[in-house]
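Analysis of the macromolecular model
Residues per chain, in single letters:
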Amino acid sequence: MNTESNRMTKSVNVGGVLLAVAASTFLATFNETFLNVALNPIMASMAVSAGTVQWLTTAYMLAAAIMVPVTGFLYQKVPTRRLFLVALGLLLAGTLMGAAAPAFGVLVAARVVQALGTGMIVPIGMNLVLAISAPEKLGANMGIVTAMTTLGPAFGPIAAGAVLAAFDWPALFVAFAVLVVACIAVAAVFVGNVAELTNPRMDAPSVCLVSLGLVGLLYGLSTVFSGQLAVAGAALAVGIACMAAFIVRQRRLDHPFLDLRPFGVRSFRLGAGVVLAALMTVFSMNIVLPLFMQGSLGFTPLQAALTLLPACLVSCVLAPIAGKAYDRWGISVIVPVGMGVITCFVLALSFCDSAATSLLIVALYAPAIAGCAFTMGPAQSHALASLDRSLYPHGVTIMSTLFQIAGCVGSSLFVGVLSMVQASAMANGAAEAAAVASGFDVACLVAFAVDVCGFVLALMAARAARRSRTAAAQQVVVKRANALQDC
């Protein structure tokens, strides 16, 4: 496997491919948040309510989630270069549709087309990194891509706020289209065909089951705190039933649509659990913290985004360093320490009140995000590296699906908790600023509980990794001893 990987890295421009993957990953994750600050102008321009405009986010999330498992299938059937350019082409087509959208329905359709592209970009990019990286460089290369997944969502609101200060919301799509065209040019030059095509057959029932399952789960989780308990319960029931049927079907197929064997590898399960806990914290804090800063501290949206920026820049710088540390020492130390730092500073954030300052938030949030940088990339690399090469596409598909689930579950859970506590406090006579602060504190405590679970999983993963290394070292000693005896 190592020889094959080294041979592959010599046949491609590794730096060029990494540039294309990092740029496209940045745009894909940037696209998830750059329209959020334009929701109010869109409501005014197209005369829609807040409940209606939220479909720009909900429809996007659901479409992207569905495309992740489909991309795992396509990666083994369509040449890599063509598939990557198709994904970027869909992103560009949706962006141009959005810029010229004459009605709200067309704008939602444009976001869905964008989501079809972005749902493909992240798993294709991760597969490319796995394919071109020598084993000793995997952590560093994956760290670069991981940094982009943090930097993209952070810069989205800031860039959008700057554009909206001078132009109307369609200009957001125009500016984004220029960036996508540049990314397509880079990908066309550097990305080649690296995947081993197995030409699997499309199993239509599997596609339907996983699509309905993900839609049911994500939609149910996103509406459970909105007061529509019956709708949320029905959606969750449908989602769980369809996912259960999907799993049963995959086990019965000779050539499953999504091979679930990665879950049979303990290192993969533990690494995926750590990534899920860390991602839930990152995604949710990027939403909960601005709500707290605007609702309790009186910050403007741009001030809130700029307050989050230092932490995201720290993550961008540290993620490649964490990758190199993983390449050298594995996960034994850095992942438990990283998860422990996240846990401690999320707990510290729960003590913030309506008198908190921007400097205090940066001082508490930046270490938490730094901990994420030393957790997500190495844990993800460790989980994927524990698989056989034939399972890479399926492991990447599972990991990419966890990204969508973490974003939906984290934001729905923590924002829902904040909203419920805020409503309860205001009903008891508290001022709005104090009520928002109370909701934020409880949401941080819930995040703390999730991070404690992630810390325990990190300790278990580190222990398993140390045992694996010890066993490998003992095998080397035995082989050397046998070789000396033969001599």
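Treat the numbers as computed from the prediction; the structure is a model and nothing was measured.

Quick notes on the rules
Residues numbered from 1 in each chain as written. Predicted model: local features only at pLDDT ≥ 70, side-chain atom pairs only at ≥ 80, totals over all residues. Heavy atoms only, no water. Core = buried A, V, L, I, M, F, W, Y, C linked by side-chain atoms within 4.5 Å. Buried < 20%, exposed > 50% of the residue type's maximum accessible area, 1.4 Å probe, protein only. Helix = DSSP H or I, 4+ residues; strand = E, 2+ residues; numbered from the N terminus. Polar contact = N/O pair within 3.5 Å; in protein donor to acceptor, adjacent residues only side chain to side chain. Expected span 1.5 Å × (residues − 1). Bend = angle between axes of the 7 residues up to and from the residue. Patch = residues over 30% accessible without salt bridge, like charges linked within 9 Å, V, L, I, M, F, W, Y side chains within 5 Å. Areas by Shrake-Rupley, 256 points an atom, 1.4 Å probe, with all protein chains shown as cover. Salt bridge = Lys/Arg side-chain N within 4 Å of Asp/Glu carboxyl O. pLDDT = per-residue confidence, 0-100. Contact = heavy atoms within 4.5 Å. Phe/Tyr/Trp six-rings, centres within 6.5 Å; stacked < 30°, edge-to-face > 60°. Lys NZ or Arg CZ within 6 Å of the ring centre and 35° of its normal. Lys, Arg positive; Asp, Glu negative; His and termini not counted. Charge placed at Lys NZ, Arg CZ, Asp CG, Glu CD. Axes fitted to C-alpha atoms, helices over the stretch in contact; angles between N-to-C directions. Left-handed = near helix turned anticlockwise from the far one by under 90°. Nonpolar A, V, L, I, M, F, W, Y, C, P; charged D, E, K, R; others polar.

1. Some remarks on the nonpolar core
One finds Ile42, Leu56, Leu289, Phe292, Met293, Met399 and Phe440 to be the most contacted residues of the largest nonpolar core, which totals 135 residues. The element best represented in this core is helix α12 (residues 266-295), accounting for 16 residues.

2. A few points about the side chain of asparagine 31
Residue placement: asparagine 31 occurs in helix α2 (residues 14-33). Residue asparagine 31 is classed as buried on the basis of its relative accessible area of 0%. In this structure the side chain of asparagine 31 is engaged in a polar contact, spanning 3.2 Å, whose partner is the side chain of arginine 111. In terms of polar contacts, asparagine 31 uses its side chain to reach the side chain of glutamine 114, at 3.5 Å.

3. Some details on α12
Helix length check: α12, at 30 residues, gives a terminal C-alpha distance of 43 Å against a target of 44 Å (1.5 Å per residue), a fit within 8%. At methionine 285, α12 shows its largest bend, some 35°. For α12, the tally of buried residues reaches 21 of 30 residues, placing the bulk of the element in the interior.

4. A look at a nonpolar patch on the surface
The grouping of Val452, Val456 and Met460 at the surface amounts to a nonpolar patch, some 210 Å² of accessible area in total. Among the secondary structure elements, valine 452 is positioned in helix α18 (residues 432-486).

5. Some details on the confidence of the model for the protein chain
On average, residues of the protein chain score 82 in pLDDT, and 92% of them are at 70 or above. Least confident of the elements in the protein chain is helix α1 (residues 2-10), whose mean pLDDT is 43; most confident is helix α6 (residues 80-99), at 93. Within the model, the stretch residues 1-10 combines pLDDT values under 50 with 18 contacts to residues more than four positions away or in other chains.

6. A short note on the packing of aromatic side chains
Here the structure, examined in full by the defined rule, presents 5 aromatic pairs. Aromatic pair phenylalanine 263 and phenylalanine 268: ring centres 5.9 Å apart, planes at 75°, arrangement edge-to-face. Taking relative accessible area as the criterion, phenylalanine 268 reaches 0% and is therefore assigned buried. Pairwise contacts between aromatic rings join Phe26, Phe30 and Phe176 into one cluster. Above the face of the tyrosine 60 ring, arginine 111 is positioned so that its terminal group lies 4.2 Å from the ring centre.

7. Side note on a positive patch on the surface
Taken together, Arg266, Arg269, Arg463, Arg466 and Arg467 make up a surface patch of like positive charges. Taken together, the elements giving at least two residues each to the positive patch come down to α12 and α18. If you trace the backbone, arginine 466 turns up in helix α18. On the accessibility criterion, arginine 466 (40% relative accessible area) is partly exposed.

8. A closer look at the packing of helix α5 (residues 55-75) against helix α7 (residues 104-132)
Running from N to C, α5 and α7 cross one another at 35°; their axes reach a closest spacing of 7 Å. Crossing of α5 over α7 shows right-handed handedness. In terms of residue class, the contact of α5 with α7 is made up of 21 nonpolar, 5 polar and 1 charged.

9. Some thoughts on the environment of phenylalanine 263
Tracing the sequence through the fold places phenylalanine 263 in the loop between α11 (229-252) and α12. In this structure phenylalanine 263 comes out as partly exposed when scored by relative accessible area, which is 36%.

10. Things to note about the packing of α12 against helix α14 (residues 334-349)
With their axes 11 Å apart at the nearest point, α12 and α14 run at an angle of 35° to one another. Handedness of the crossing formed by α12 with α14: left-handed. Counted together, Val274, Ala277, Ala278, Thr281 and Met285 of α12 and Val335, Met339, Ile342 and Val346 of α14 form the full contact between these two elements. Broken down by class, the residue content of the contact of α12 with α14 amounts to 8 nonpolar, 1 polar and no charged.

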